[in-house]
Amino acid sequence: MSNSGCSGQKRHQQLENAFKGPPEAFRSKRRRTDNNMGRDLHVPDDYTVGWLCALPLELGAAKGMLDEEHEALPPRLGDSNNYTLGRIGQHNVVLACLPGYGIAMAASSARNMLHSFPKIQIGLMVGIGGGVPGSQSHDGADVRLGDVVVGERVIQHDMGKTERNGYFKRTGVDSQPPNHIVTAVNRLRGDHKLMPSKIPSILAEMFQRHPFMKEHYARPTTASDQLFDADYEHFEACDGGKAATCDNCNSSRRLARPTRRNEHPVIHYGKIASGNQVIKHGVTRDRVAGDLGALCFDMEAAGLADAGFRCLVVRGISDYADSHKNSRWQEYAAAAAAAFVDWLENGEETYWITDGLDEFIGDHDELIQLTRDLVACKHIKACVASRPWTVFQQVFGKRSNLMLQHLTVKDIEIVVRTTFNNNDDFRRMHSRNQQQAESFLTQIMNRSSGVFLWVRLVTQSLLRGISNGDKISDLQKRLDEIPENLEDLFQKILDTIEPRYRQQTAELFQIHRAHPSISALRMSFADEESHETWSDGAPEPLTMDEFVDRCDQIRRRIDSRTMGLLELDKHDKYTNQEYG
Ligand SMILES: [Zn+2]
């Protein structure tokens, strides 16, 4: 954390008030919890993530990440921590803000938390820190304001003894996060290389849930991220008072750094130097950080290791640990660090897909509410599909959406044209009356609404008409009678089956349903009227003629009894059109 002085304190008060004020989002969350009191009652053992921070503004950012806030539990005697309880993704999280600065304070708070919540497995110290700008640190990382430093190692920089020749030997804490956290961090680190950072979207979602946070936690302008030469001190007013901004600092001592491609926080992994001293001196910063190879400074991490609170330390960079430091970037830096943790805890996102909203038998409003509840959980992304019914369009139409038929229109055209061009009779019709034939094909494409199965069934019917000697006017009538709705089309096809075949139709469908990949030959045996074939004992092997006869007969039987709803596929199997 950084010592932010008097004006900072006032702002912290404002932030706290912001949470007490009219925060609609928090209130509604609470109400929901109240309604589910029976289910949502928690005990200390439910909490497996312990999240410590040092400043109210850091606690504010942490709260912003909660998916749900839980009722407070009665305090344990002797524990002076003030806890906020809630849930992030699948984890129940306990948040606590340290009552003051420094390593000793951090140690006692951490001990209390572990005592009150004995099942904590993941310890986190999340907040702001002073960054060590690029070229000076051993790692050469280009650390900037708003970036996030994840502590692979925490080293206490201000404890030790000065030995011969003035060499300072450090004897304080040198700790690493526990292995299970390192594993999670490494997984996320791998993700950085494969996909864009999720921090911007996590922050955007936080602002969406808590619009009032935007006022304080939004990102300051990039222009306000100013880095000066390490040995150039901040301008002090004539009366010795410190100017709040660097407006009067010598801009020629400002270091030029390349413009970044975007404003997203960069995540750095490395060492964090921890100590009781506030570092506000560029030269000291570079000397100590250079010694340790540290990327940033904080004032608590070493205390946590002392207390046996093995944790991951995550720091949003709010200043450069020099005399120019001010508090402008603190809130955003705290939010960026909290967002990193949120990302870490929710490595995986859930995708929820509902197909055919319109086919739901029941209350559509219930279905809509279910979908809304799902997407209210920030790690669930939902995709719904439906025919364009007004009831669904009104609710989901404003979100990103697409019409499937707009995407498949080209493919549908290819299917329709290829199918009809392969038919000699149709080609002749086409050459005789090109205009009428074209209009006919266009109608098929338009009526399909992008449904390939519809096209398939309809072309079957039309080709049957062509082989019956239908003229194009007959085909037009045939097409006009075909329902545009797939379900009605199925019914219409079933209705065309001769009534005396219908018993057999049902049997064929049932055989196929029991054995979806049945071959034509097996189908022909299953379709036997009696079991006489088998009465003489083991059957003789079939001759090739018998084989061809059987396959040919079953093909014709199936065609006439299912009207194309079942058909032989390329591999000589019968497939049901609905599933195939
Ligand atoms: Zn300055």
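Placed above this text is the structure.
For the structure given in this document, a descriptive report is provided here. (Residues numbered from 1 in each chain as written. Predicted model: local features only at pLDDT ≥ 70, side-chain atom pairs only at ≥ 80, totals over all residues. Heavy atoms only, no water.)

1. Describing the overall build of the chain
Looking only at helices and strands, the chain has 22 helices and 16 strands in total. Of all 580 residues assigned to the chain, the portion counted as buried reaches 45%. Sequence separation of at least 24 residues holds for 75% of the intrachain contacts in the chain that already meet a minimum separation of 6. Carbon and sulfur atoms form 50% of the exposed surface of the chain, whose accessible area is close to 31000 Å². (Helix = DSSP H or I, 4+ residues; strand = E, 2+ residues; numbered from the N terminus. Buried < 20%, exposed > 50% of the residue type's maximum accessible area, 1.4 Å probe, protein only. Contact = heavy atoms within 4.5 Å. Areas by Shrake-Rupley, 256 points an atom, 1.4 Å probe, with all protein chains shown as cover.)

2. Some thoughts on the coordination of the zinc ion
For the zinc ion, the full set of protein donor atoms is His234 (ND1), Cys246 (SG), Cys249 (SG) and His324 (ND1), at a range of 2.0 to 2.4 Å. Every donor counted, the four donor atoms about the zinc ion form angles of 93 to 120° at the centre, which fits tetrahedral coordination. Binding-site remark: the zinc ion is held by donors from one chain whose sequence spacing is H-x11-C-x2-C-x74-H. Linking His234 in the loop between helix H8 (214-217) and strand S10 (267-274) with His324 in the loop between strand S12 (311-319) and helix H11 (330-345), this pair joins segments that are 90 residues apart in sequence. Neither residue differs from the other here; His234 and His324 are each classed as buried. (Donors = N, O, S within 2.8 Å, 3.2 Å for Na, K, Ca; no water. Tetrahedral: all angles 85-135°; square planar, octahedral: opposite > 155°, others 65-115°.)

3. A look at helix H4 (residues 56-64)
The buried fraction of H4 amounts to eight of the nine residues, a majority that puts the element mostly inside the structure. Along H4, the positions that sit buried rather than exposed are Leu57, Glu58, Leu59, Gly60, Ala61, Ala62, Lys63 and Gly64.

4. A few points about the environment of Val314
As for its placement among the helices and strands, Val314 is situated in strand S12. In this structure Val314 comes out as buried when scored by relative accessible area, which is 0%. The spatial distance from the C-alpha of Val314 to the C-alpha of Gly129 is 8.9 Å, given a sequence separation of 185 residues. Apart from residues lying up to four places away in sequence, Val314 is in contact with Met125, Val126, Gly127, Val148, Val149, Ala337, Phe340 and Val341.

5. Observations concerning the nonpolar core
In this structure, Trp51, Leu52, Met65, Met113, Leu203, Leu312 and Phe340 are the most contacted members of the largest nonpolar core, which totals 78 residues. When neighbours within four sequence positions are excluded, Met113 is seen to be in contact with Gly50, Trp51, Leu52, Asn81, Tyr83, Val94, Leu95, Ala96, Ile120 and Phe309. (Core = buried A, V, L, I, M, F, W, Y, C linked by side-chain atoms within 4.5 Å.)

6. A look at a negative patch on the surface
Where like charges cluster on the molecular surface, the negative patch consists of Asp355, Glu359, Glu487 and Asp488. Within the secondary structure, Asp488 is located in helix H19 (residues 486-495). (Patch = residues over 30% accessible without salt bridge, like charges linked within 9 Å, V, L, I, M, F, W, Y side chains within 5 Å. Salt bridge = Lys/Arg side-chain N within 4 Å of Asp/Glu carboxyl O. Lys, Arg positive; Asp, Glu negative; His and termini not counted. Charge placed at Lys NZ, Arg CZ, Asp CG, Glu CD.)

7. Some points on a nonpolar patch on the surface
A contiguous nonpolar patch, built from Leu402, Leu404 and Leu407 and spanning about 330 Å² of accessible area, is present on the exposed surface. Relative to the helices and strands, Leu407 is located in helix H14 (residues 404-421). Looking at Leu407, the relative accessible area reads 54%, which means it is exposed.

8. Things to note about the pattern of salt bridges
Using the criterion set out here, one finds 27 salt bridges in the structure. Each member of the salt-bridge network shares a partner with another, and the members are Asp67, Glu68 and Arg87.

9. Looking at the environment of Thr48
Positionally, Thr48 belongs in the loop between helix H3 (37-40) and strand S1 (49-53). With a relative accessible area of 21%, Thr48 lands in the partly exposed category. Separated by 71 residues in the primary sequence, Thr48 and Lys119 place their C-alpha atoms 5.4 Å from one another.

10. Observations regarding the packing of helix H6 (residues 179-194) against H11
The contact between H6 and H11 brings their axes to 10 Å, and the two run at 100°. Between H6 and H11, the interaxial angle falls into the category roughly perpendicular. The segment H6 lies against H11, with Ala184, Val185, Arg187, Leu188 and His192 engaging Phe340, Trp343 and Leu344. When its residues are assigned to classes, the contact of H6 with H11 shows six nonpolar, one polar and one charged. (Axes fitted to C-alpha atoms, helices over the stretch in contact; angles between N-to-C directions. Parallel < 35°, antiparallel > 145°, perpendicular 65-115°, else oblique. Nonpolar A, V, L, I, M, F, W, Y, C, P; charged D, E, K, R; others polar.)

11. Digging into the packing of helix H20 (residues 502-514) against helix H22 (residues 544-562)
Between H20 and H22, whose axes approach to 9 Å, the crossing angle comes to 115°. When the axis of H20 is compared with that of H22, the two are roughly perpendicular. Of the two possible hands of crossing, H20 and H22 adopt the one that is left-handed. Along its contact with H20, which presents Gln504, Thr505, Leu508 and Phe509, the element H22 presents Arg557, Ile558, Arg561 and Thr562. The class makeup of the residues in the contact of H20 with H22 is three nonpolar, three polar and two charged. (Left-handed = near helix turned anticlockwise from the far one by under 90°.)

12. A short note on unusual backbone geometry
At Ala321, a residue that is not glycine, the phi angle is positive and equals roughly 55°. You can see Ala321 is positioned in the loop between S12 and H11. Given a relative accessible area of 1%, Ala321 falls into the buried group.

13. Structural notes on the packing of aromatic side chains
Enumeration over the complete set of coordinates arrives at seven aromatic pairs. Arranged with centres 5.8 Å apart and planes meeting at 85°, the rings of Tyr47 and Phe117 form a pair that is edge-to-face. With Tyr47 in the loop between H3 and S1 and Phe117 in the loop between helix H5 (103-116) and strand S5 (122-131), the pair connects residues that are 70 residues apart, well separated along the chain. Geometrically, the ring pair formed by Trp329 and Tyr332 is edge-to-face, given 6.0 Å between the ring centres and 80° between the ring planes. The side chain of Arg550 reaches across the aromatic face of Phe525, ending 3.8 Å from its centre. Taking NZ or CZ as reference, Arg561 lies 3.8 Å from the ring centre of Tyr501, over its face. (Phe/Tyr/Trp six-rings, centres within 6.5 Å; stacked < 30°, edge-to-face > 60°. Lys NZ or Arg CZ within 6 Å of the ring centre and 35° of its normal.)

14. A look at the side chain of Asp67
As for its position among the elements, Asp67 is in the loop between H4 and strand S2 (68-70). A distance of 2.5 Å separates a polar atom in the side chain of Asp67 from the backbone nitrogen of Gly89. (Polar contact = N/O pair within 3.5 Å; in protein donor to acceptor, adjacent residues only side chain to side chain.)

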